[in-house]
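# Topology and contacts: notes
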Amino acid sequence: MEKSTQKTAKFFSRVLLAAIVTVFSLSAMKTNAQGGEPIKLGFIPLTDCSPIVMAKELGLFKKYGVNVVVTKESSWANVRDKILTGELDGAHCLYSMPFSVYTGVGGKAGSEMKIAMMLNSNGQAITLSNDFCGKVGFKDMAKVAPVVAAKLKAEKEVTFAMTFPGGTHDLWLRNWLASAGVNQKTSKIITIPPPQMVANMKVGNMDGFCVGEPWGGVAAMQGIGFTQIATQDIWKDHPEKALVVNKDFSAKRREDLKKVMKAVMEACIWLDVPANRKKTADIIGKAPYVNANNDVIQDRLNGEYNLGCKLGQKIYKGDQMVFHKGGMVNFPRKSHAIWAMAQFVRFGYLKEAPNYKAIADKLILQDLYKEVAASMKVKVPADDMKPFSLTMDKTVFNPLNPAAYLKVVKK
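Structural notes, computed from the coordinates. Worth saying up front: this structure is predicted, and the values here are computed from it rather than measured.

The strand order β7-β6-β8-β5-β9 describes an open sheet built from five strands, whose pairing is mixed. A single partner strand is all that each edge strand has here, and the edge strands are β7 (188-191) and β9 (225-230). Adjacent strand axes in the sheet meet at a mean angle of 25 degrees, parallel and antiparallel pairs treated alike. Across two bridges, the pairing between strand β6 (residues 159-162) and strand β8 (residues 208-212) is parallel. From the neighbouring strand, Ala-161 faces β8, where its bridge partner is Phe-209.

A separate point is the state of the cysteines. The final tally for this structure, using the stated rule, is one disulfide. At a sulfur-sulfur separation of 1.9 Å, the disulfide partner of Cys-133 is Cys-309. Across the disulfide from Cys-133 to Cys-309, rotation about the S-S bond amounts to roughly 100 degrees, and the bridge is consequently right-handed. Here Cys-133, found in the loop between β5 (124-129) and α6 (144-155), pairs with Cys-309, found in the loop between β11 (304-306) and β12 (313-315); they are 176 residues apart in sequence, far enough to count as distant. In this structure Cys-133 comes out as partly exposed when scored by relative accessible area, which is 32%. Note on Cys-93: no disulfide assigned, nearest cysteine sulfur contributed by Cys-49 at a separation of 13 Å.

Rules used throughout
Residues numbered from 1 in each chain as written. Predicted model: local features only at pLDDT ≥ 70, side-chain atom pairs only at ≥ 80, totals over all residues. Heavy atoms only, no water. Pairing = 2+ DSSP bridges. Helix = DSSP H or I, 4+ residues; strand = E, 2+ residues; numbered from the N terminus. Axes fitted to C-alpha atoms, helices over the stretch in contact; angles between N-to-C directions. Disulfide = S-S within 2.5 Å. Buried < 20%, exposed > 50% of the residue type's maximum accessible area, 1.4 Å probe, protein only.

Next comes the structure, spelled out in structure tokens:
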């Protein structure tokens, strides 16, 4: 009886073991068929999430053999936290965010988020509420300071919103205020997630905001504000969003990251074909992505800006939102990182200069980008670390000598 029981137990043990092996084998086969362990990429509902969303929608991640899960995130702070903890492997991200976080402006100092490649240039805007309508025109910088001063005198407070401390929208807003001659200490600057900007302006929570499209266009369409200036008017072809990744992911899954970058690069090339922009607007306008009016998305993608406030239309040709531009967009430049960190000093976020070059070297995966670009025959620009100036503020910035720039640039 005892031997029979032992035989039965052994039999069931073998069956159970075989079942476990089968389950794991099937799981492995399924994972391999989908392109390996899932890679989680986040995005914020903005038009410039298109490279990641369209890489997914066009089947490009699958083409390059990676299983990518794309998730909508609620705020840049949420994206930051998830990249740092590894809950996200990477995300569509403000290019200056890794430097803001590392220097302690927008996170715990010393926290590393890596930039793999750039996603787009241009295509953000500064929107003013209807309180400014008729008092300040499109790109009418001379009237901004007097109108702000009058509003301050009457209401004791003027509030502007951006999306993340030290993020690109923060930097464009502060550069705009400086160029307009507005003392930033007299203005309240708050942080609002991008998709919440329009609703907050609608209820009077701010007088102006800087954010990416389509939200400037949506505000104009809804008649609650108007586009005072587009960021390409502040700095033509400025760096904007980047593919930012978790430190461990970039080290341990380097080959998978390269495949992700190839898919995103191909999406960027596809996005710059004008005929593809309607399809892009139709897809990203849907609820799972940006959840905004397709026509507004498409118009601003095409450089057709209905400004609002009876200001008419502004047409941008060649300097609307771009995603590739023959490789000029996607190369992550260390000079742009140094410029961003110099702004942190300029506007009082940092009391003293950080180690600019060391931080740029640490956080930008430039060699990895060059590998991917070479494999796709994409030209790498030769302009990094050379002096440049913005379109609006002509002060020359030499990345090899930020201190000289900081001595003369408007605060």
